[in-house]
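# Chain and residue survey
So you can see what is in the structure, the chains are spelled out below.
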Amino acid sequence: MSCMHVFPNSSVSQANTVRRVFKLEGGRTLVQVNGQRVISACLNVEVTAPEFANLGKLGFGESKDVMETEGRVIVGTYARTPIVLVSGKGCKLYDAEGREYLDMSSGIAVNSLGHGDPTWLKAVIEQANTLTHVSNIYYSIPQVELAKRLVACSFSDRVFFSNSGTEANEAAVKFARKFQRHSHPDAKEPPTDFISFTNSFHGRTMGALALTSKEHYRSPFEPVMPGVTFVEYGNIEATKELIQKGKTAAVFVEPIQGEGGIYSATKEFFRLLRSACDDAGALLVFDEVQCGLGRTGHLWAHESYGVFPDIMTLAKPLAGGLPIGAVLVTERVASAINFGDHGSTFAGSPLVCNAALAVLEKISEPSFLASVTKKGQYLKQILTQKLGHNPHVKEVRGLGLIVGIELDVQASPLVDACREAGLLVLTAGKGNVVRLVPPLIITEEELELAAEVLSGSLPALDGSNSK
Ligand SMILES: Cc1ncc(COP(=O)(O)O)c(C=O)c1O
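Residues numbered from 1 in each chain as written. Predicted model: local features only at pLDDT ≥ 70, side-chain atom pairs only at ≥ 80, totals over all residues.

### Section: the overall build of the protein chain
Put simply, the rule reads: Helix numbering and strand numbering both begin at the N terminus, where a helix is a DSSP run of H or I of at least 4 residues and a strand a DSSP run of E of at least 2. Put simply, a residue is buried when 20 or more other C-beta atoms lie within 10 Å of its own C-beta and exposed when 12 or fewer do; between those, it is partly exposed, and each C-beta is set from the backbone. Residue pairs are scored as contacts if the distance between their C-beta atoms, which are placed from the backbone, is within 7 Å.
Scanning the protein chain from N- to C-terminus turns up 14 helices and 23 strands. Counting the 467 residues in the protein chain, one finds 46% classified as buried. In the protein chain, 73% of the contacts between residues at least 6 apart in sequence involve partners at least 24 apart.

Shown next as structure tokens:
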């Protein structure tokens with residue numbers, strides 16, 4: 001049998017190199033390819049990883065070719081940034097021409113362990129080599145193990161797996177409706193409505209889209225799921241009044257709004273929300289797809305409020321870059337759900353769940369979470385120092401390593417100038433917020449570099465008019 005060789009932190013391609021194999025203790029092997037150490041996993045294919053992806057092999061000459069072809073063959077849903085990324089290592093990404101970027105975007109809050117984390121890579125390779133996918137009509141061990149660990153480290157009693165954030169919210173919508181039907185067996189019209197908030201983002205499928213506040217995302221596809229009312233984020237009186245009408249199946253809320261512009265809820269808002277839901281029998285759903293799993297320095301963002309939901313949705317970082325979603329529920333909610341009420345072909349596959357186990361284990365370490373808190377505080381401090389004096393900078397806010405820089409102008413000239421200087425950052429809000437969601441493993445030196453580049457790129461805003 002031949003072996004699959006994978007350089008930690010890089011992609012995989014055909015071998016044409018000098019290879020040496022060393023037997024180690026415990027049956028493990030150490031493989032060197034051209035003198036470089038690589039991970040070895042037994043498969044019946046022979047591959048090695050290149051420094052950079054081989055554009056030529058796929059028929060592309062350079063980035064320009066990729067972009068032109070994309071424009072012809074991909075449905076135009078993304079206004080893409082004009083770079084072709086081909087490899088990553090830690091907090092660095094590399095484009096097809098070999099330019100290095102410091103990644104403060106993490107694939108939009110996904111790559112919390114950075115790119116090519118060796119423990120994650122090992123979990124993926126070992127599981128791919130053992131069992132990648134089985135139907136959910138069978139039991140599989142990584143899925144049960146991951147659910148067991150999620151339950152052990154959260155408010156929840158049970159887990160449902162999906163493949164993405166929007167699917168997790170879609171499942172939460174169904175669970176909330178089913179819960180209300182189950183709780184009001186004799187009611188002709190059990191509560192079916194939902195409350196969501198201004199600046200919220202919950203996904204792009206018809207239920208999650210209906211809960212997403214930006215009209216611009218919803219209106220071309222109407223009618224979306226009916227029965228959603230948007231209330232001002234933080235306005236407890238208006239929310240309470242609506243919940244008290246008794247028609248609300250569930251309230252969906254992000255403890256920290258990511259896409260909406262890095263707005264945090266207050267403790268008071270969450271406490272009153274919890275008691276209003278309890279009084280009326282409505283469910284409280286926390287969408288932690290973006291802010292959850294260590295990003296705030298707490299394992300779950302809601303821990304900082306001391307308020308617990310009935311349902312929590314997770315996705316982005318959970319499997320370290322592989323597609324996953326999860327809906328964590330209490331036993332009370334789970335008891336309303338029967339066989340056949342929901343399902344998914346791919347969700348909870350052994351491959352994805354084994355990757356997620358590696359991610360969860362690392363991020364849930366108290367010392368790891370403490371390092372996120374420390375680095376988050378440092379990032380806000382240096383951003384305030386280096387950028388705070390600029391008249392376009394209105395506020396630096398956020399918790400842990402989800403940080404927003406609100407401007408009085410559109411952020412895109414600054415984002416473009418940062419990219420030119422080798423730094424990848426995102427926008428949020430109405431396009432007036434620079435969003436920083438770096439890998440949680442980022443170092444203080446890398447944060448300093450990011451703040452330096454942002455500060456040096458601020459003149460890009462000089463031609464912009466304040467709103
Ligand atoms: C808070 C929140 N919920 C849901 C989603 C949707 O997740 P996905 O893109 O995986 O469907 C996102 C994505 O940005 C999000 O930030």
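### Notes on the sheet that holds strand E19 (residues 393–399)
Formally: Two strands are said to pair when DSSP picks up at least two bridges between them. In this description, a line fitted to the C-alpha atoms serves as the axis of each element, helices being fitted only across the stretch in contact, and the angle between N-to-C directions of two axes falls anywhere from 0 to 180 degrees.
Read across the open sheet, the four strands follow the order E19-E20-E23-E22; overall the sheet is antiparallel. This sheet does not close on itself; its edge strands, each paired only once, are E19 and strand E22 (426–428). Neighbour to neighbour, the strand axes of the sheet diverge by 30 degrees on average, direction disregarded. Direction of pairing for E22 relative to strand E23 (residues 433–436): antiparallel, over a ladder of three bridges. Within E23, the position partnered with Thr 427 by the bridge is Val 434. Sheet strands touched by helix H12 (residues 366–387): E19 and strand E20 (402–407). Its angle to E19, the strand with the most contacts, is close to 175 degrees.

### Observations regarding helix H4 (residues 141–152)
Just so we agree on the cut-off: A helix is expected to span 1.5 Å for every residue after the first. Directions from the helix axis toward the C-beta atoms define the arc.
Taking 1.5 Å per residue as the helical rise, H4 with its twelve residues ought to reach 16 Å, and the 16 Å between its terminal C-alpha atoms agrees with that figure. Turning to H4, its buried residues number three or more, namely Pro 142, Gln 143, Leu 146 and Leu 150. Take H4 and look down its axis: the buried residues cluster within an arc of 100 degrees, on one side only. More than 90 degrees from the buried face of H4, the exposed residues found are Ile 141, Lys 148 and Ala 152.

### Let's talk about helix H11 (residues 350–363)
Helix length check: H11 (14 residues) gives 20 Å between terminal C-alpha atoms against 20 Å at 1.5 Å per residue, within 8%. In terms of burial, H11 is largely enclosed, as twelve of its 14 residues are buried. Along H11, the residues that are buried comprise Pro 350, Leu 351, Val 352, Cys 353, Asn 354, Ala 355, Ala 356, Leu 357, Ala 358, Val 359, Leu 360 and Ile 363. Of the surrounding secondary structure, the elements contacted by the buried residues of H11 are helix H3 (118–128), H4 and H12.

### Some words on the site of the ligand
To keep things clear, this is the line we draw: Each residue receives a C-beta atom placed from its backbone. It is near a molecule or strand if this atom lies within 6 Å of it. Residues were grouped as follows: Ala, Val, Leu, Ile, Met, Phe, Trp, Tyr, Cys and Pro as nonpolar; Asp, Glu, Lys and Arg as charged; and all remaining residues, including Gly, as polar.
Inspection of the region around the ligand gives 15 residues, with Ser 164, Gly 165, Thr 166, Val 289 and Gln 290 positioned closest. Top element by residues in the shell around the ligand is helix H5 (residues 165–183). It accounts for three residues. When the residues that make up the shell around the ligand are grouped by side-chain class, the tally is four nonpolar, eight polar and three charged.

### Description of the sheet that holds strand E7 (residues 85–89)
Across the sheet, four strands lie side by side as E7-E8-E9-E21; this open sheet has mixed pairing. Only two strands of the sheet have a single partner each, and these edge strands are E7 and strand E21 (423–424). Inspection of the sheet shows strand E9 (residues 100–103) paired to E21 by two bridges, in the parallel sense. Across the sheet, Asp 103 pairs through a bridge with Leu 424, a residue of E21.

### Observations concerning the nonpolar core
Keep this limit in mind: Note on terminology: a nonpolar core is any set of buried Ala, Val, Leu, Ile, Met, Phe, Trp, Tyr and Cys residues joined through C-beta atoms within 7 Å. Each domain span listed reflects an automatic or database assignment of domains.
In this structure, Val 251, Leu 283, Val 327 and Ala 356 are the most contacted members of the largest nonpolar core, which totals 123 residues. Two domains share this core, each providing at least three of its residues, namely domain 2 (122–363) and domain 3 (366–461). When neighbours within four sequence positions are excluded, Val 327 is seen to be in contact with Val 159, Phe 160, Ser 162, Ala 168, Ala 171, Ala 172, Phe 175, Ile 311 and Thr 313.

### Here's the deal with the packing of H12 against helix H14 (residues 444–457)
The criterion, for reference: Relative orientations are named as follows: roughly parallel for angles under 35 degrees, roughly antiparallel for angles over 145 degrees, roughly perpendicular for angles from 65 to 115 degrees, and oblique for any other angle. Two helices crossing with the near one rotated counterclockwise from the far one by less than a right angle form a left-handed crossing, whereas a clockwise rotation gives a right-handed crossing.
At a closest axis distance of 10 Å, the pairing of H12 and H14 adopts a crossing angle of 25 degrees. On the basis of the axis angle, H12 is roughly parallel to H14. Every pair of crossing elements has a handedness; the one defined by H12 and H14 is right-handed. Between H12 and H14, the residues in contact are Lys 375, Tyr 378, Leu 379, Ile 382, Leu 383, Lys 386 and Leu 387 and Glu 444, Leu 447, Glu 448, Ala 451, Leu 454 and Ser 455, respectively. Of the residues that constitute the contact of H12 with H14, the class distribution is eight nonpolar, one polar and four charged.

### Description of unusual backbone geometry
Keep in mind that most residues, glycine aside, have a negative phi and that most peptide bonds are trans. With an omega of 5 degrees, the peptide bond between Glu 222 and Pro 223 qualifies as cis. Position of Pro 223 relative to the elements: it lies in the loop between helix H7 (215–218) and strand E12 (228–231). Notably, Ser 106 is not glycine yet its phi reads approximately 50 degrees, a positive angle. Turning to its location among the elements, Ser 106 is positioned in helix H2 (residues 106–109).

### Focus: the pairing of E9
Along any regular strand, the residues point their side chains to alternate faces of the sheet. Sheet analysis places strand E8 (residues 92–95) next to E9, joined by three bridges and oriented antiparallel. Residue pairing across strands places Leu 93 opposite Tyr 101, the latter belonging to E9. Between E8 and E9, which pair antiparallel in sequence order, lie four residues; one of them, Gly 98, sits at a positive phi of approximately 90 degrees.

### Observations concerning the environment of Arg 274
Mapped onto the fold, Arg 274 is located in helix H9 (residues 267–280). Spatially, the C-alpha atoms of Arg 274 and Lys 240 are 10.0 Å apart, while their sequence positions differ by 34 residues. Sequence-distant contacts of Arg 274, defined by excluding residues within four places in its chain, comprise Leu 284 and Val 307.

### Points about the packing of H3 against H11
The contact between H3 and H11 brings their axes to 8 Å, and the two run at 155 degrees. By the angle between their axes, H3 is roughly antiparallel relative to H11. Classified by chirality, the crossing of H11 by H3 is right-handed. Packed against H3, whose contacting residues are Thr 119, Trp 120, Ala 123, Val 124, Gln 127 and Ala 128, the element H11 presents Pro 350, Leu 351, Asn 354, Ala 355, Leu 357, Ala 358, Val 359 and Lys 362 at the interface. Its residues placed into classes, the contact of H3 with H11 shows ten nonpolar, three polar and one charged.

### Thoughts on the environment of Ala 450
With respect to the element layout, Ala 450 can be found in helix H14. Judged by C-beta crowding, with 24 C-beta atoms within 10 Å, Ala 450 ranks as buried. Along the backbone, Ala 450 and Leu 383 are 67 residues apart, and their C-alpha atoms lie at a distance of 9.1 Å.

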